[in-house]
Amino acid sequence: MRGTAETDVETGLRRVVVGFRAAAVLWMALLLLVGGLPPGLRPALAAAGVLGLAGAWAFLTALLAAARPDALRSWAWLAVDTLVAAVVVLGAVIVAAAGSFAVAVAVPVAAFAGGYPFSAVLLGGWARGVPGGLAAASVLSAATVARDAAGARGWTLEDSLPATLVYLAGALVTAWGVRVLRRQDAERRTALLALAEERAATARERERAETAAHLHDSVLQTLALVQRRAEDPAAVRALAREQERELRA
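Rules used throughout
Residues numbered from 1 in each chain as written. Predicted model: local features only at pLDDT ≥ 70, side-chain atom pairs only at ≥ 80, totals over all residues. Heavy atoms only, no water. Helix = DSSP H or I, 4+ residues; strand = E, 2+ residues; numbered from the N terminus. Buried < 20%, exposed > 50% of the residue type's maximum accessible area, 1.4 Å probe, protein only. Contact = heavy atoms within 4.5 Å. Areas by Shrake-Rupley, 256 points an atom, 1.4 Å probe, with all protein chains shown as cover. Salt bridge = Lys/Arg side-chain N within 4 Å of Asp/Glu carboxyl O. Core = buried A, V, L, I, M, F, W, Y, C linked by side-chain atoms within 4.5 Å. Polar contact = N/O pair within 3.5 Å; in protein donor to acceptor, adjacent residues only side chain to side chain.

Chemist: How would you sum up the overall build of the protein chain? Please name residues and give values.
Modeler: Helix and strand content of the protein chain: 8 helices and 0 strands. In the protein chain, the succession of helices and strands from N to C terminus is α-α-α-α-α-α-α-α. When the 249 residues of the protein chain are sorted by exposure, 34% land in the buried category. Across the protein chain, contacts joining residues at least 24 apart in sequence account for 72% of those joining residues at least 6 apart. With the model as given, the accessible surface of the protein chain reaches about 14600 Å², and the carbon-plus-sulfur share is 66%.

This is the structure:
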């Protein structure tokens, strides 16, 4: 959208992406409040730190979306954004490392991140289509596997499969949905432009027709006057000059 005004659909999509992230931060906070902070000062601070990172990054995303929305589309931003989401995914492992690995049992591993990581997939799909969404989904899937492997005994790859499928399928669906909305908006704007041009052409044709009718009536009136004043050359010349001026105008 560089160099052009942002369309209503594009503004709406951007607001959805930013709004989902804000809701996801509140989701994380609610999960921690309901589940309770992990026991021990360092694990509790680690959990609060992960939540604070997510909240601060969501706030920065909202500020950038308002001031420089094009910056959210850059690969550099998407890379850092995905990294932050991966840290949130690994939040339970970070909390466990702050105390002991036994602490991971006290923190619901899958619920700790809530829906925040998916906001990176949503942002990637909106900003860069399928490549952006799949890039974020792949990194988050790897982080999910690492988190589950570190936080659960007897873990197998199948245990992390549902979450990874959500990320990958979500990336494809998001990119497809955004593309459909943008295409439909472009078709709508093209149709509106064509309609406006057609109306303008109709108005010009109507104006030409009205002008032609006016000139036709004026010429007939002048000819009628010339016939009545045929014996007065001066009057005929005056009528001719007046008609000429009107025709030129």
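On we go.
Chemist: Residues and numbers for the pattern of salt bridges, please.
Modeler: All told, the structure shown has 7 salt bridges when counted by the stated rule. In this structure, arginine 147 and aspartate 148 form a salt bridge, with 3.0 Å as the shortest nitrogen-oxygen distance. In this structure, arginine 147 and aspartate 148 share a single accessibility class: buried. Among the ionic pairs, glutamate 205 bridges to arginine 208, the shortest N-O distance being 2.9 Å. Of this pair, glutamate 205 and arginine 208 both sit in helix H7 (residues 157-228), separated by 3 residues, roughly a single helical turn. One salt-bridge network, in which partners are shared between bridges, spans Glu10, Arg73 and Arg182.

Chemist: Please give an account of the environment of valine 50 that cites residues and values.
Modeler: Along the chain, valine 50 falls in helix H2 (residues 41-67). Spatially, the C-alpha atom of valine 50 lies 9.7 Å from that of methionine 28, the residues being 22 residues apart in sequence. If near-sequence neighbours (up to four positions away) are discounted, valine 50 is found in contact with Met28, Val87, Val88, Gly91, Ile94 and Phe112.

Chemist: Tell me about the nonpolar core, residues and numbers included.
Modeler: With 43 residues, the main nonpolar core has Tyr116, Trp126 and Leu140 as its most contacted residues. Elements represented by at least two residues in this core include exactly helix H1 (8-35), H2, helix H3 (75-89), helix H4 (91-98), helix H6 (116-151) and H7. Per element, the largest residue contribution to this core is 11 residues, and it comes from H6. Once residues lying within four places of it in the same chain are set aside, the contact partners of tryptophan 126 are Glu10, Leu13, Arg14, Val17, Pro69, Leu72, Arg73, Thr174, Val178 and Arg182.

Chemist: Any details on the side chain of aspartate 81? Residues and values, ideally.
Modeler: Structurally, aspartate 81 can be placed in helix H3. Given the relative accessible area of 1%, aspartate 81 is considered buried. A polar atom in the side chain of aspartate 81 sits 2.4 Å from the side chain of arginine 21. Residues within four places of aspartate 81 in sequence aside, it is in contact with Arg21, Trp57, Thr61, Ala120 and Leu123.

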